[in-house]
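Here is how the chains run, residue by residue.
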Amino acid sequence: SVLKQLVAYSKNIASPIFPMQHSSSLLRLSAISWVCMSRSLAFPPAYYLNIKPALATITTASKHTELVYHATSRNDEIADIIPNFISESRLLCDKAKKFVQYKNAAGRGDASLDPVFDMCCPTTVDLYGLRGDNVRSGLTSFFDGHPELHHEMTEEPTLIGPLTVQYPFIKTWRKAEDGEIQQWSSIDASKPRNKMERLDFNKDGLLTRVSIVEVTEITALSSD
């Protein structure tokens, strides 16, 4: 995919570069792209872009670097895309944080799970494998069996697709039998385990799938 190609190119250059006809535009867009990368939002989804091949030679103080990359046909379109992409990405990441906050409030007994269910698309959501009429009863039963269930993100949510975010986490709870504290980490080198919680949204911002997925370096950055 285009996203995979951009990820590969990013390993060989200091910052993402987009095609520019004027040096001032190059500097402005390079700065914007660097900010995006620092927030794990470096690459806008491919459907935003009117893709065509391009070739550019970038001049630095010490050398000329020739890069082959994909980008839009018009520089001003990219300048508009990036701020919109960052805004939409932050919105989805904020929703992921809200989702965890709602679960934790229910785990503490401060609230019901209704705010969690309100975030879900009522007709199509797949919530940890629960569907249809089993969503509400199944998640409620799970929380009942895991007193004081608490989830903590160990990293900021990362956008991996137009409407998909994921994050590693640790969850703790008390055993119903004796109250002993239990802990489960989604990333644990001793197991080994490398999992993340992944949230898929629809265009209306409602959850269509919540799942725990095994990840690799490639799937964490892109999905076909």
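That block above? That's the structure.
These notes cover the structure that comes with them.

## Section: the packing of aromatic side chains
So, step 1. According to the stated counting rule, one finds 1 aromatic pair in the structure shown.
So, step 2. Relative to W184, the ring of F169 lies with its centre 5.6 Å away and its plane at 40°, an arrangement referred to as tilted. Of this pair, F169 sits in strand β8 (residues 169-174) while W184 is found in strand β9 (residues 181-185), placing the two residues 15 residues apart along the sequence.
So, step 3. Residue classification places W184 among the partly exposed residues on the basis of a relative accessible area of 22%.
So, step 4. Here the basic side chain of K171 rests over the ring of W184, its NZ or CZ set 5.3 Å away from the ring centre.

## What about helix α5 (residues 134-144)?
So, step 1. For α5, the full list of buried residues reads V135, L139 and F143. For α5, the angular spread of the buried residues around the axis is 50°, confining them to a single face.

## Quick notes on the pairing of strand β5 (residues 150-153)
Both faces of the sheet carry side chains from a regular strand, because those side chains alternate between them.
So, step 1. Judged by which residues are buried, β5 turns out to be one-sided: H151 and M153 face inward and are buried, whereas H150 and E152, on the alternate face, are not.
So, step 2. Note that β5 and β8 share 4 bridges and pair antiparallel. Considered in β8, the bridge of M153 is made with F169.

## Considering the side chain of N202
So, step 1. With respect to the secondary-structure elements, N202 resides in the loop between β11 (193-201) and β12 (207-214).
So, step 2. Among the polar contacts made by the side chain of N202, one reaches the main-chain amide nitrogen of D204 at a distance of 2.9 Å.
So, step 3. If near-sequence neighbours (up to four positions away) are discounted, N202 is found in contact with C121, L163 and T208.

## Digging into the environment of L127
So, step 1. Structurally, the position occupied by L127 is in strand β3 (residues 126-127).
So, step 2. Note: C-alpha distance between L127 and T208 (81 residues apart in sequence) is 7.9 Å.
So, step 3. With residues up to four places along the chain from it excluded, the contact list for L127 reads F99, F117, C120, V135, L139 and V210.

## Some points on the nonpolar core
So, step 1. Core analysis: the largest hydrophobic core is formed by 28 residues, its most contacted members being F99, L127, V165, Y167, L199 and L207.
So, step 2. Within the residue set of this core, elements represented by two or more residues are α3 (75-108), α4 (114-118), α5, β7 (164-167), β8, β11 and β12.
So, step 3. At 7 residues, α3 tops the list of elements feeding residues into this core.

## Details of the pattern of salt bridges
So, step 1. Taken as a whole and judged by the stated rule, the model has 9 salt bridges.
So, step 2. One salt bridge connects R131 with D126, and the closest N-O pair in it is separated by 2.7 Å.
So, step 3. Exposure remark for D126: the relative accessible area of 6% places this residue in the buried category.
So, step 4. Put simply, R174 and E148 hold a salt bridge, and the shortest N to O gap is 3.1 Å. Of the two residues, R174 sits in strand β8 while E148 sits in the loop between α5 and β5, which places them 26 residues apart along the sequence.

## Let's talk about the sheet that holds β5
So, step 1. Taken in spatial order, the 3 strands line up as β5-β8-β9 in an open sheet, and their pairing is antiparallel. A single partner strand is all that each edge strand has here, and the edge strands are β5 and β9. This sheet shows a mean twist of 20° between the axes of neighbouring strands, independent of strand direction.

Criteria and cut-off values
Residues numbered from 1 in each chain as written. Predicted model: local features only at pLDDT ≥ 70, side-chain atom pairs only at ≥ 80, totals over all residues. Heavy atoms only, no water. Phe/Tyr/Trp six-rings, centres within 6.5 Å; stacked < 30°, edge-to-face > 60°. Helix = DSSP H or I, 4+ residues; strand = E, 2+ residues; numbered from the N terminus. Buried < 20%, exposed > 50% of the residue type's maximum accessible area, 1.4 Å probe, protein only. Lys NZ or Arg CZ within 6 Å of the ring centre and 35° of its normal. Arc of directions from axis to C-beta. Pairing = 2+ DSSP bridges. Polar contact = N/O pair within 3.5 Å; in protein donor to acceptor, adjacent residues only side chain to side chain. Contact = heavy atoms within 4.5 Å. Core = buried A, V, L, I, M, F, W, Y, C linked by side-chain atoms within 4.5 Å. Salt bridge = Lys/Arg side-chain N within 4 Å of Asp/Glu carboxyl O. Axes fitted to C-alpha atoms, helices over the stretch in contact; angles between N-to-C directions.

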